[in-house]
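As a plain string of letters, each chain reads:
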Amino acid sequence: GQQLNQSPQSMFIQEGEDVSMNCTSSSIFNTWLWYKQDPGEGPVLLIALYKAGELTSNGRLTAQFGITRKDSFLNISASIPSDVGIYFCAGQVLPGYSSASKIIFGSGTRLSIRP
Amino acid sequence: GAVVSQHPSWVICKSGTSVKIECRSLDFQATTMFWYRQFPKQSLMLMATSNEGSKATYEQGVEKDKFLINHASLTLSTLTVTSAHPEDSSFYICSARDWKDRFSYEQYFGPGTRLTVT
């Protein structure tokens, strides 16, 4: 089946530092999504990318859809304590009213901030 | 808008019993809902796709007779874990697609249900 390789698995950073994480796949995706999950809660969508090469920002977050459609990265600038959590990339094969539109999640990046 | 709720938020049951988890779309109609399972420190794994009025589509390796899914209305899908065992202990998360946005990527996630089987 389709798999997403996400790295790094975990990060310890200082408050104020920039953060970068990425996701690669052996398969092509039509849509790349980035989610954040806090402990004991469901994931929350941060950024959605629809086109190869697309670069999208949401406040301090920036994400790009790779040209090959097989990768994406997420950057967080000037990290703050509330950025702590688990970040998941996710890919969707084809939006549409079919099972093929299911979302496949990456393995996650756990972000912690050193006090 | 686009709120998905789950009930209960956590449940403890004894081994061998069955437990039902509800997923509701509160302010939209969802023709498709998805059920995920997440073990500690792991990713969300899709278990099944639930379509209103029809049988659920299960992912490879997920036992359909053990994880019964019913999507009887446009706002409610239920997941019943039958004859639960300790290895079924996990965080179960549902998501729903708004029927008006059925050609888009958007899925709205519920807050999850923590199941512990003793």
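Residues numbered from 1 in each chain as written. Chains lettered and ligands numbered in written order. Predicted model: local features only at pLDDT ≥ 70, side-chain atom pairs only at ≥ 80, totals over all residues. Heavy atoms only, no water.

S.K.: Tell me what's going on with the overall build of chain A, and back it up with residues and numbers.
M.R.: Across its full length, chain A holds 0 helices and 11 strands. Counting from the amino terminus, chain A carries its helices and strands in the arrangement β-β-β-β-β-β-β-β-β-β-β. Relative to the globule expectation of 13 Å for 115 residues, the C-alpha radius of gyration of chain A, 14 Å, shows essentially globular dimensions. Expressed along its principal axes, the backbone C-alpha trace of chain A runs to roughly 45 × 30 × 20 Å. Restricting the contact set of chain A to residue pairs at least 6 apart, pairs at least 24 apart contribute 54%. Carbon and sulfur atoms provide 53% of the accessible area of chain A, an area that totals close to 5400 Å². (Helix = DSSP H or I, 4+ residues; strand = E, 2+ residues; numbered from the N terminus. Rg over C-alpha atoms; globule rule 2.2 N^0.38 Å. Contact = heavy atoms within 4.5 Å. Areas by Shrake-Rupley, 256 points an atom, 1.4 Å probe, with all protein chains shown as cover.)

S.K.: Describe the packing of aromatic side chains, naming the residues involved and giving the relevant values.
M.R.: One pass over the structure, following the stated rule, counts 9 aromatic pairs over all chains. Seen in terms of ring centroids, Tyr35(A) and Phe105(A) are 5.4 Å apart; in terms of plane orientation they differ by 40°. Their pairing is tilted. With Tyr35(A) in strand β4 (residues 31-37) and Phe105(A) in strand β10 (residues 103-105), this residue pair connects regions lying 70 residues apart in the sequence. For the pair formed by Tyr35(A) and Phe105(A), the shared burial category is buried. Pairing Phe105(A) with Tyr36(B) gives two aromatic rings, centres 5.6 Å apart and planes at 90°, and the pair type is edge-to-face. Taken together, the residues span two chains, with Phe105(A) in strand β10 and Tyr36(B) in strand β4 (residues 30-38). Relative accessible area serves as the criterion here: at 0%, Tyr36(B) is assigned to the buried category. What links up through ring pairs into an aromatic cluster is the set Tyr35(A), Phe88(A), Phe105(A), Tyr36(B) and Phe109(B). Seen from the ring of Phe67(B), Lys66(B) lies directly overhead, with NZ or CZ sitting 6.0 Å from the centre. (Phe/Tyr/Trp six-rings, centres within 6.5 Å; stacked < 30°, edge-to-face > 60°. Buried < 20%, exposed > 50% of the residue type's maximum accessible area, 1.4 Å probe, protein only. Lys NZ or Arg CZ within 6 Å of the ring centre and 35° of its normal.)

S.K.: Can you tell me about the sheet that holds strand β7 (residues 67-73) of chain B, naming the residues and giving the values?
M.R.: Residue and element names in this part refer to chain B. Read from one edge of the open sheet, 4 strands run β1-β3-β8-β7, paired in antiparallel fashion. In this open sheet, the two strands that pair with only one neighbour each are β1 (4-7) and β7. Across the sheet, the mean angle from the axis of one strand to that of its neighbour is 15°, orientation sign disregarded. In the sheet, β7 pairs with strand β8 (residues 76-81) via 5 bridges, with the strands oriented antiparallel. For Phe-67, the partnering residue across the bridge sits in β8 and is Val-81. (Pairing = 2+ DSSP bridges. Axes fitted to C-alpha atoms, helices over the stretch in contact; angles between N-to-C directions.)

S.K.: Can you lay out the sheet that holds strand β6 (residues 55-58) of chain A for me, pointing to particular residues and giving the numbers?
M.R.: Residues and elements named next belong to chain A. Strand order in the open sheet formed by 5 strands is β1-β3-β8-β7-β6, with antiparallel pairing between adjacent strands. Looking at which strands have only one partner, the edges of the open sheet turn out to be β1 (4-7) and β6. Ignoring which end each strand starts from, the neighbouring axes of this sheet average 15° apart. Taken together, the 4 bridges between β1 and strand β3 (residues 19-25) define a ladder with antiparallel strand orientation. The partner of Gln-6 across the bridge, within β3, is Cys-23.

S.K.: Lay out the state of the cysteines with the relevant residues and their values.
M.R.: Working definition of a disulfide: a covalent bond connecting the sulfur atoms of two cysteines. According to the stated counting rule, one finds 2 disulfides over all chains in the structure shown. Covalent S-S linkage joins Cys23(A) and Cys89(A), the inter-sulfur distance amounting to 1.7 Å. Of the two residues, Cys23(A) sits in strand β3 while Cys89(A) sits in strand β9 (residues 85-92), which places them 66 residues apart along the sequence. The same class applies to Cys23(A) and to Cys89(A), which are both buried. No disulfide involves Cys13(B); its sulfur sits 18 Å from the nearest other cysteine sulfur, which is in Cys94(B). Judged by its relative accessible area of 8%, Cys13(B) is buried. (Disulfide = S-S within 2.5 Å.)

S.K.: I'd like a description of the interface of chain A and chain B, backed by residues and values.
M.R.: The partner chain B presents 23 residues to the 24 residues of chain A that form the contact. Both sides together, the interface formed by chain A and chain B hides about 1800 Å², and carbon and sulfur atoms give 59% of it. Between the two partners, chain A and chain B, sit 1 salt bridge. Breaking the side of chain A that touches chain B down by element, the ones donating at least two residues are β4, β5 (44-49), β9 and β10 of chain A. Considering every element that reaches the side of chain A that touches chain B, the biggest residue donor is β4(A), with 4 residues. Its residues placed into classes, the side of chain A that touches chain B shows 11 nonpolar, 10 polar and 3 charged. (Buried area = accessible area lost by both parts, 1.4 Å probe. Salt bridge = Lys/Arg side-chain N within 4 Å of Asp/Glu carboxyl O. Nonpolar A, V, L, I, M, F, W, Y, C, P; charged D, E, K, R; others polar.)

What is shown is where atoms sit, not what they do.
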